[in-house]
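# Structural description and commentary
Okay, here's what each chain looks like letter by letter:
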Amino acid sequence: MTKISQIDDRGAVVAWSPVGEFADVIALGSKEKGGIGFDDYGGELELFNFSTSPTPTLLGSVKTATRFGSIAWGCCGTSSGGIIAGGMLDGVVNFWKGSELLNNYGGQSVQLASVQGFHGGGVSALKFNPHGDSMNMLAGGGGSGDVLIFDVENREQPTFYSPGGEGSKGQGAEITQVAWNSQVHHILASSSANGTVIVWDLRQKKPWCELRCEANSSPVSDVAWNPTQGLHMMTASESGGLKLWDLRASTTMPLTTLEGHQGGVLSLDWCPHDDTLLLSCGKDNRTLLWDLYSLQPIAEIPNTDSSSAAVVENNANINPNDLYGGGLGTSQQKRYDVQWSPLRRGVVSTCSYDRKVQVHSVIGLATKCGRPPKWMSPGSGVSCGFGGIVVSVNSTQKQVMIDTVVEHPELVKASEKFESEFANSECIAYCHTMAERAENEYESQVWSFMQIMFETNAREELLSYLGFDPEKITKAAMEFKDDESNPADDASTPAMTMEAENAVKDALLVGNFEAAVECCFRSGNLADALVLGSCGGADLWAKTQAEYFSREAKKRPFLSLVSAVMNNQLTELVGMSDPSKWKETLAVLSTYGKSEEFPMLCGALGDRLEESGDFANASLCYMCALNLGQAVKYWKSTLQKATESNGGTDLLSLHEFIEKVTVFTQALDSSQELDDEVANLFAEYSTVLANQGLLVAAAKYLRGNTQECKELRDRLYRSRMGQYCSDLVASPPEFPYDYVNVGVAKDLHGITVKQGQAVQQQQVVEPQPVVQQEYQQPQQQQNVVQQQQPMQQQQ
């Protein structure tokens with residue numbers, strides 16, 4: 001317990017500020033005349049700031065004609081400082097502007113109104129309604145037993161009425177306290193000196209019930225409602241103790257009685273921030289803090305501290321109460337009022353008969369119940385979990401909220417769209433759709449090439465896409481006609497001399513085709529040489545072709561193609577091809593390449609383009625070669641550039657990369673694995689999807705075997721959506737960590753493994769091998785704790 005501050009020589013009634021801006025301010029209304037003389041100077045309203053410990057600061061004050069019997073401070077009205085109501089001993093209720101008093105503006109302008117509501121006694125109790133829609137209502141009780149409700153909606157002219165309607169009688173004795181119900185704004189309780197408590201229903205304008213708290217009609221000194229339960233009430237008796245009432249069960253028999261005070265209880269207050277804490281002060285000079293779980297007092301706020309025992313050396317500073325032997329006795333130090341601060345948690349005020357007003361912090365005392373006060377427990381909390389899950393709790397909703405927080409909605413939208421469209425359509429149709437959506441020519445080519453890969457007549461489709469339609473080309477060739485040449489005109493063919501004809505004829509007569517072919521070549525008759533070479537065997541035919549192509553290739557470039565096709569030299573053709581005419585070369589490979597050679601030839605063409613710096617078109621050739629490792633090189637470089645320009649991972653570019661690779665792998669052998677770099681990109685994408693709550697989708701893209709992939713795969717398998725991850729359910733992943741016994745895990749009896757070994761060595765003369773093996777663990781395994789089985793004692 002810590003005493004925050006103290007005001008001496010003030011016999012007063014107090015009210016805490018309900019305004020958040022002035023949470024440390026307290027209003028004091030003098031209920032006794034000060035000084036030692038017999039003159040009555042009336043009363044005084046003072047506002048102190050207790051945050052300036054240990055000496056409070058006086059913010060403002062105003063004199064009154066009479067002294068206070070009660071005081072209340074409410075938030076009603078538009079004034080930032082609220083309204084302060086003072087119940088005077090002459091039955092008048094005065095109203096002051098809180099804001100002007102807080103700014104030390106005294107004088108008559110501070111007072112709003114003065115209402116003579118009570119006759120035959122002073123105003124003994126005042127309370128503003130705490131509910132937001134009824135803060136303009138002020139309940140008051142008088143010495144004559146009357147209860148009045150003041151409406152301060154019009155601050156300059158407040159009105160009042162009786163809660164029981166016109167002609168209703170009072171409670172028959174002085175009203176000691178009034179208390180508004182904590183849950184229902186039109187329910188009010190009033191306690192009386194005749195031992196009764198009446199619960200008023202302002203809507204019905206009649207009593208809801210009457211509690212006869214004391215059989216001997218001893219005064220009920222105070223009453224308070226449970227701050228969270230509208231039907232629980234606590235009453236204090238000047239001759240008895242504290243009684244807890246449950247109005248649902250009985251209005252004649254209390255639920256329980258709190259035993260702790262040796263005499264009567266003068267004041268009580270229920271903690272507004274923790275309904276398990278209650279504060280009371282009694283005639284036994286004790287101020288007790290109660291734990292309503294155990295119904296026992298857990299601490300006491302002492303009336304004196306070490307400073308009070310100090311010897312006063314300067315007589316000029318002696319307090320009048322310190323006369324006659326160095327101070328008043330303990331009976332004069334007893335407290336008659338205790339209040340919790342409505343805004344500062346764990347802060348209370350006390351007023352004692354030795355004219356001291358004190359402010360204490362009971363945070364330390366409140367923990368003596370064995371649990372922290374509710375104000376130390378967060379009113380709300382949040383915890384982030386795997387899969388983008390955010391679990392939140394708050395004290396108002398009384399429930400646990402589980403939400404999925406999406407940090408990247410554009411990625412989630414793209415991923416869900418891909419999963420939906422790709423699952424509900426064939427690869428060919430999906431690739432065609434993506435090619436039409438492409439934002440640039442290269443992306444359109446990539447998806448078009450992928451579409452071709454899934455076609456049954458892929459090579460024919462490739463030729464058509466490259467611009468070489470066989471049907472159109474055949475038709476054009478058949479309809480071609482060159483007006484400048486005459487097929488019948490053989491002037492271009494040199495005439496063979498008689499001597500040459502005889503030489504050819506003689507060579508044919510003796511069957512020497514090779515000599516005949518040589519003679520035709522020398523005379524320039526190439527066509528005749530080809531005809532004769534085809535008749536002289538395979539070797540002569542090959543030799544004749546080679547000679548023909550060597551003579552005519554420079555004149556007719558297409559003959560290089562013919563030569564490569566006829567001699568199965570497509571690899572050499574690729575090596576000598578023009579990179580700018582890569583589509584023609586790819587068309588040749590598609591038309592004449594053998595099935596088993598086609599991937600290799602396309603890969604060689606891709607290498608040729610890479611050497612020339614055309615990486616984009618090279619990736620298309622690698623796609624035709626079904627070479628994933630080479631095809632993704634350009635895609636990775638594009639992703640890297642997007643990441644650098646974005647200042648971090650460009651998630652949409654990463655999604656496009658994953659999308660292309662995923663579709664591309666559908667055309668490959670299922671046993672083909674991704675390289676580490678691509679697998680890491682898939683793992684990164686999977687992690688991002690998991691963080692957005694797309695756990696099932698994330699499980700599809702874990703294709704690597706790195707430690708990070710193993711850990712994420714295990715978390716997905718054990719997550720709330722693990723049962724829907726078909727790949728993981730079909731083949732549960734291995735646990736990503738190694739089990740290692742460090743030798744300190746406790747069994748069910750609370751004995752560590754090492755202790756068990758020691759006990760075993762002492763008690764068992766001949767240890768059994770099974771038991772010995774159970775508790776002997778390798779010495780080098782020292783890092784990860786493995787759960788131990790209960791130690792089996794061998795008798």
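We now turn to the structure provided with this report. (Residues numbered from 1 in each chain as written. Predicted model: local features only at pLDDT ≥ 70, side-chain atom pairs only at ≥ 80, totals over all residues. Heavy atoms only, no water.)

## What to know about the overall build of the protein chain
In terms of helices and strands, the protein chain carries 25 helices and 31 strands. Across the 795 residues in the protein chain, those meeting the buried criterion constitute 45%. Of the contacts made within the protein chain by residues no fewer than 6 positions apart, 51% connect residues no fewer than 24 positions apart. Carbon and sulfur atoms form 49% of the exposed surface of the protein chain, whose accessible area is close to 41700 Å². (Helix = DSSP H or I, 4+ residues; strand = E, 2+ residues; numbered from the N terminus. Buried < 20%, exposed > 50% of the residue type's maximum accessible area, 1.4 Å probe, protein only. Contact = heavy atoms within 4.5 Å. Areas by Shrake-Rupley, 256 points an atom, 1.4 Å probe, with all protein chains shown as cover.)

## What to know about the sheet that holds strand 24 (residues 287-291)
Taken in spatial order, the four strands line up as 22-23-24-25 in an open sheet, and their pairing is antiparallel. Where the open sheet ends on each side, the last strands, each with one partner, are strand 22 (265-270) and strand 25 (296-300). On average, each strand axis in the sheet is tilted by 30° relative to the strand beside it, whichever way the strands run. Alignment of strand 22 against strand 23 (residues 277-282), held across five bridges, turns out to be antiparallel. (Pairing = 2+ DSSP bridges. Axes fitted to C-alpha atoms, helices over the stretch in contact; angles between N-to-C directions.)

## Side note on the packing of helix 5 (residues 427-437) against helix 6 (residues 441-453)
In the contact formed by helix 5 and helix 6, the axes pass within 8 Å of each other and the chain directions differ by 165°. When the axis of helix 5 is compared with that of helix 6, the two are roughly antiparallel. Read as a crossing pair, helix 5 and helix 6 show a hand that is left-handed. Judged by residue contacts, Ile-428, Tyr-430, Cys-431, His-432, Met-434 and Ala-435 of helix 5 engage Ser-444, Trp-447, Ser-448, Met-450 and Gln-451 from helix 6. Looking at the contact of helix 5 with helix 6 residue by residue, the class counts come to seven nonpolar, four polar and no charged. (Parallel < 35°, antiparallel > 145°, perpendicular 65-115°, else oblique. Left-handed = near helix turned anticlockwise from the far one by under 90°. Nonpolar A, V, L, I, M, F, W, Y, C, P; charged D, E, K, R; others polar.)

## Brief notes about the nonpolar core
Judged by nonpolar contacts, the single largest core of 75 residues is most densely connected at Met-450 and Met-623. With nine residues, the top contributor of residues to this core is helix 20 (residues 676-691). What Met-623 contacts, discounting residues up to four positions off in sequence, is Val-446, Phe-449, Met-450, Met-453, Ala-631, Trp-635 and Phe-664. Core analysis: the next-biggest nonpolar cluster, separate from the first, contains 19 residues, Val-62, Ile-84, Val-92 and Val-110 among them. (Core = buried A, V, L, I, M, F, W, Y, C linked by side-chain atoms within 4.5 Å.)

## Quick notes on the pattern of salt bridges
As enumerated under the stated definition, the model contains 18 salt bridges in all. The closest approach of N and O atoms between Asp-24 and Arg-344, which form a salt bridge, is 2.8 Å. Of this pair, Asp-24 sits in the loop between strand 2 (12-16) and strand 3 (25-30) while Arg-344 sits in the loop between strand 26 (335-340) and strand 27 (347-352), and the two are 320 residues apart along the sequence. Judged by relative accessible area, which is 23%, Asp-24 ranks as partly exposed. (Salt bridge = Lys/Arg side-chain N within 4 Å of Asp/Glu carboxyl O.)

## What to know about the side chain of His-360
Relative to the elements of secondary structure, His-360 occurs in strand 28 (residues 356-361). Within the local environment of His-360, its side chain forms a polar contact with the side chain of Gln-358, the two groups lying 3.0 Å apart. (Polar contact = N/O pair within 3.5 Å; in protein donor to acceptor, adjacent residues only side chain to side chain.)

## Quick notes on unusual backbone geometry
With a phi angle near 65°, Asn-285 is a residue other than glycine that sits in the positive phi range. Locating Asn-285 in the fold gives a position in the loop between strand 23 and strand 24. In the Ramachandran plot, Leu-295 falls in the positive-phi region, its phi being about 60° despite a non-glycine side chain. When you line up the elements, Leu-295 lands in the loop between strand 24 and strand 25.

## A few points about the packing of aromatic side chains
Under the definition given, this model contains 16 aromatic pairs. Centroid distance Phe-682 to Tyr-701: 6.2 Å. Interplanar angle 40°. Geometry classified as tilted. With Phe-682 in helix 20 and Tyr-701 in the loop between helix 21 (695-700) and helix 22 (707-718), the pair connects residues that are 19 residues apart, well separated along the chain. Residue classification places Phe-682 among the buried residues on the basis of a relative accessible area of 0%. By relative accessible area, which is 3% here, Tyr-701 ends up buried. The structure contains a cluster of three or more aromatic residues connected by ring pairs, namely Phe-418, Phe-422, Tyr-430 and Trp-447. When the ring centre of Tyr-336 is taken as reference, the NZ or CZ atom of Lys-31 above it lies at 4.5 Å. Looking at Arg-459, its charged tip hangs above the ring of Phe-598, at a distance of 4.4 Å from the centre. (Phe/Tyr/Trp six-rings, centres within 6.5 Å; stacked < 30°, edge-to-face > 60°. Lys NZ or Arg CZ within 6 Å of the ring centre and 35° of its normal.)

## Comments concerning the pairing of strand 30 (residues 389-394)
Both strand 29 (residues 380-385) and strand 30 contribute to a ladder of six bridges, which runs antiparallel. Counted as the bridge partner of Cys-384 is Val-390 from strand 30. Linking strand 29 to strand 30, which pair antiparallel, is a turn of three residues; within it Gly-387 sits at a positive phi near 85°. Joining the antiparallel neighbours strand 30 and strand 31 (residues 400-404) is a turn of five residues, in which Lys-398 adopts a positive phi near 60°.

## Things to note about the sheet that holds strand 18 (residues 220-225)
The strand order across the open sheet formed by four strands is 18-19-20-21, and the pairing between neighbours is antiparallel. At either margin of the open sheet sits one strand with a lone partner, and together these are strand 18 and strand 21 (256-258). The average angle at which neighbouring strand axes cross in this sheet is 25°, direction not considered. Bridge count for strand 20 (residues 242-246) against strand 21 is three bridges, and the pairing is antiparallel.

## What to know about helix 20
Given 3.6 residues per turn, any residue in an α-helix points the same way as the ones three and four places further on. Helix length check: helix 20, at 16 residues, gives a terminal C-alpha distance of 22 Å against a target of 22 Å (1.5 Å per residue), a fit within 8%. Taken residue by residue, helix 20 has Val-678, Ala-679, Leu-681, Phe-682, Ala-683, Tyr-685, Ser-686, Val-688, Leu-689 and Ala-690 as its buried positions. On its buried side, helix 20 packs onto helix 4 (409-423), helix 18 (628-646), helix 19 (651-665), helix 21 and helix 22. Structurally, the start of helix 20 carries an N-cap: the backbone nitrogen of Glu-677 is 3.1 Å from a side-chain oxygen of Asp-675. Gly-693 occupies a position one or two residues after helix 20 and carries a positive phi of about 90°. (Expected span 1.5 Å × (residues − 1).)

## Some details on a nonpolar patch on the surface
Residues Val-393, Val-400 and Ile-402 make up a contiguous nonpolar surface patch of about 270 Å² in total accessible area. For Val-393, the position within the fold is in strand 30. Under the relative-accessibility criterion, Val-393 is labelled partly exposed at 36%. (Patch = residues over 30% accessible without salt bridge, like charges linked within 9 Å, V, L, I, M, F, W, Y side chains within 5 Å.)

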